[in-house]
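Examination of the molecular architecture
What follows is the residue order along each chain.
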Amino acid sequence: MLQAFHNSRLACFRAPFGAVELGASVMLAIAVWGEEVCSCTLRTWNEFDGDARIPMEPADELSRDYRSIEGVPSEGARWFRATVTPRRLGILWYSFIIETLQGAMFFGAQEGKTGGVGALSWGEPPSFQITVYEKRQTPPSWFAGGVVYQIFPDRYRRGNHALERAKRELATDRRGIARRLVDWDTLPTYEKDENQRVIAWDFYGGDLAGIKERLPELAEMGITAIYLNPIFQATSNHRYDTADYLRIDPLLGTEEDFVALARAAEACGISLILDGVFNHTGADSRYFNRFGNYEGAGAWQSSDSPYYPWYTFHDDGTYEGWWGVDDLPAIRKDSAAFQDFIAGAGGIVEKWTRLGAHGWRLDVADELSEPFIKAITRAATSVKPDALVLGEVWEDASNKISYSQMRHYLNGGELDSVMNYPFRDALIGYLLGTLSADDFAETMESLHENYPPESFALMMNLIGSHDRPRVFTLLGGAPDPATLSEEQRCSYRLSPDQRGLAKGRLWMALLVQMTTPGVPSIYYGDEAGMEGYADPANRGSYPWGEEDPDTLTMHRNALQLRRRLSVLREGEFKAFAPNDDVYAFWRLPNKGDQKELGKQDEQGEQGEYACVLVNRSTSATYEIALDAPAPLVDDLV
């Protein structure tokens, strides 16, 4: 019976590993045995040129050189290889056609995967993926190796004059949804009408000055970048309903306050990343002006408004709302006027980058056109050549299909990297027992293989954020939110035993987060042990003076560990799973003179290697610098 083997992650079958630069050559090989094989053909395909079939040459020397490959017999296997040189950015897909005396068989990736160990198939198999990209000329090296702190501005900290400013601004007479100031320790909730529409926005009074006050402490903790949820003028407390892109929300401060924050942050070694919300605006905005709160005619009032072409109106007077939400009028994907306003010369991106932003996180990047993303990147880098552009993409961003179109986020010219939701979901799933350690390892190895190395190193590795339940609540085994009323979800708190469970799991999560390639992101208050289900409960006010000392210590220790060993920030990566409960990975030196594990260099110095293991069944964690790793790993497992 015919058998074959190809593992895209082993150098004897594919070299170099992972994504390749445009114009670089890739060697691909396959081992076959068990039947008389007449020939092997490499089939490649890309979305531009269709498919190509490349005859593979016998490579008997590989059978001699790689006799100990698991899955391949030491005797009797025939090896074939071919070399391809991708000439197009994007994805080059490949599989193999094996001709035998009995007919043709096909070999490709396993179902649901794009890499790793493949499988034989009678029909057309899934293909293996090679991401083809171009390096950025001036990379955002300031972001690599750092740590992000995400702040929901209204809930973080009040500056000296925040209360007076909030009272003054909220006392202004406005039509539309009510706005009110609440006490700092108020539980976040929504007041809704019978149709479940929010009828009042609660504000806590956090502002830019309050953030500025805490910069020295954040820097001391190890923070190198702050990702700010939207700060431009808006009606709601979340500010994703932008009212004026040219103005800082008066509740947060002024343009001068933003500049002061950016300068103070830079002095502390911290860069600011702004939230770019460019798929929709607010209905209560200068541009749409549904409630007439702004001077001049908005799109709602007149088709003669300069903003009318930004939106889609129907004959019956209704309009397209983002995901059907009429409070968020959707921006037309083909609105050249809007795109120029945001990313053109002297536009929004240039303005705020020049005033102090060092990066942008693009909200719902899937719904922005590729030319628009490229224009945003050009605008940001025209001001700061090393500006960062991250995307909110919830899946593998290298092969994302959005609205039936393959996206090209990471091939060059668009996004530098993305928010790493696959990491978050796999990590939490592993800790809660819904995913095996092998599932987690496969998720990470797949990203490692599919992302360009530069993008892999810049992934924003989050475990908490404003659009997910608090990680502490999840790790504490809180009940399914579907079993609770909205009021119960807003007020639910873990028991002491549940908090103990959450702490054990949180330490494992932090150890993995702080030592995995990419840039870890801490959602404000997670370090303080804050709890909460999804919005609005995950957006509580920071508990100043009431932080959990255990969770603070965990974060400080994990960050200190990350700082202490450079290999944990910069080293090569290999994930594996010794068993269903133990997830592990190596961090290896990534220098050109990389040594084998356990080998000394010419001067007799030991190379720096690290192995991180977590065991969810015992809540045990290990981090070790090793010189002879394998036996120690076996002992720990």
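Regarding helix 6 (residues 336-343)
Of the positions making up helix 6, those classed as buried are Phe-338, Gln-339, Ile-342 and Ala-343. Angularly, the buried residues of helix 6 cover 105° about the axis, an arc narrow enough to put them on a single face. Exposed residues lying more than 90 degrees from the buried face of helix 6 are Ala-336 and Asp-340. Against strand 19 (242-248), helix 7 (348-354) and helix 8 (370-383) lie the buried residues of helix 6.

Side note on unusual backbone geometry
Between Ala-15 and Pro-16 the backbone carries a cis peptide bond, its omega angle lying at 5°. Along the chain, the position of Pro-16 falls in the loop between strand 2 (14-15) and strand 3 (20-21). A cis geometry characterises the amide bond from Asp-535 onward to Pro-536, with omega recorded as 10°. Positionally, Pro-536 belongs in the loop between strand 29 (519-523) and helix 15 (549-564).

Comments concerning the sheet that holds strand 16 (residues 198-203)
Pairing is mixed in the open sheet, where 3 strands are placed in the order 14-16-15. Looking at strand neighbours, the two that pair on one side only are strand 14 (178-181) and strand 15 (191-192), the edges of this open sheet. Here strand 15 pairs with strand 16 via 2 bridges, running antiparallel. Within strand 16, the position partnered with Glu-191 by the bridge is Ala-200. Where helix 2 (residues 162-170) meets the sheet, it contacts strand 14 and strand 16, and its direction lies at approximately 155° from that of strand 14.

Observations regarding the side chain of Asn-450
Along the chain, Asn-450 turns up in helix 10 (residues 437-450). On the accessibility criterion, Asn-450 (0% relative accessible area) is buried. A polar contact is formed between the side chain of Asn-450 and the side chain of Asp-396, at a distance of 3.0 Å. Setting aside its immediate chain neighbours within four residues, Asn-450 contacts Ala-19, Thr-114, Gln-129, Thr-131, Asp-396, Ser-398 and Asn-399.

Overview of the nonpolar core
Grouped together as the largest cluster of nonpolar side chains are 112 residues, with contacts concentrated most on Tyr-149, Ile-226, Phe-278, Leu-362 and Tyr-583. With 8 residues, helix 14 (residues 496-515) is the single largest residue contributor to this core. Residues in contact with Phe-278, not counting those within four places in the same chain, are Tyr-245, Ile-331, Phe-338, Ile-342, Val-349, Trp-360, Leu-362, Leu-368, Phe-372 and Ile-376. In terms of nonpolar packing, the next biggest core, distinct from the first, is built from 24 residues, Val-32, Leu-42, Tyr-94 and Ile-130 among them.

Section: the layout of surface pockets
For the second largest pocket, the calculated volume is near 1000 Å³. Forming the boundary of the second largest pocket are 32 residues, of which His-238, Trp-322, Val-325, Leu-328 and Asp-535 lie nearest the centre. Where the lining of the second largest pocket is concerned, the elements lending two or more residues are strand 16 and strand 22 (325-329). For the lining of the second largest pocket, the element with the most residues is strand 22, which contributes 4 residues. Looking at side-chain class alone, the lining of the second largest pocket contains 14 nonpolar, 4 polar and 14 charged residues.

Comments concerning the packing of helix 9 (residues 421-432) against helix 10
Where helix 9 contacts helix 10, the axes come no closer than 9 Å and their chain directions differ by 165°. Taken together, the axes of helix 9 and helix 10 are roughly antiparallel relative to one another. Our pair here, helix 9 against helix 10, has a crossing hand that is left-handed. Along its contact with helix 9, which presents Pro-422, Phe-423, Ala-426, Leu-427 and Tyr-430, the element helix 10 presents Ala-437, Phe-440, Thr-443, Met-444 and Leu-447. Residues that form the contact of helix 9 with helix 10 fall into these classes: 9 nonpolar, 1 polar and no charged.

Procedures and definitions
- As a convention, each chain's residues are numbered from 1 in the sequence order in which they are written.
- With the structure being a predicted model, the display of local features is reserved for residues of pLDDT at least 70 and the display and counting of side-chain atom pairs for 80 or more, all residues being used for whole-chain, interface and lining totals.
- Water and hydrogen atoms were dropped before computing side-chain values, which therefore reflect all heavy atoms in the structure.
- Buried, partly exposed and exposed residues are distinguished by accessible area as a fraction of the type maximum, computed with a 1.4 Å probe on protein chains only: under 20%, between the cut-offs, and over 50%, respectively.
- Helix and strand labels come from DSSP, where a helix needs a run of H or I of at least four residues and a strand needs a run of E of at least two; each type is numbered from the N terminus.
- Arc, as used here, means the arc of the directions from the helix axis to the C-beta atoms.
- It only takes one pair of heavy atoms within 4.5 Å for two residues to be counted as in contact.
- When DSSP finds at least two bridges between two strands, those strands are taken to pair.
- As a rule, the C-alpha atoms of each element are fitted with a line to give its axis, helices using only the stretch in contact, and angles between N-to-C directions run from 0 to 180 degrees.
- Any pair of N or O atoms that falls within 3.5 Å is considered a polar contact. Within protein, one atom must be able to donate a hydrogen and the other to accept it, and sequence-neighbouring residues count only if both atoms are side-chain atoms.
- Each nonpolar core is a collection of buried residues, namely Ala, Val, Leu, Ile, Met, Phe, Trp, Tyr and Cys, held together in the definition by side-chain atoms within 4.5 Å.
- Grid spacing is 1 Å over the protein atoms alone, the probe is 1.4 Å, and a cavity is where that probe fits but cannot get out, while a pocket is an open set with protein on both sides within 12 Å along at least five of seven lines and lining residues have an atom within 4 Å of a point.
- Grid points are joined across faces, edges and corners, and a volume is the space filled by probe spheres set on the points.
- Only Asp, Glu, Lys and Arg are considered charged, only Ala, Val, Leu, Ile, Met, Phe, Trp, Tyr, Cys and Pro nonpolar, and every remaining residue, Gly among them, polar.
- Angles are sorted into four bins: roughly parallel if under 35 degrees, roughly antiparallel if over 145, roughly perpendicular if 65 to 115, and oblique for all others.
- Take the far helix as your reference; a near helix turned counterclockwise from it by less than a right angle gives a left-handed crossing, and one turned clockwise gives a right-handed crossing.

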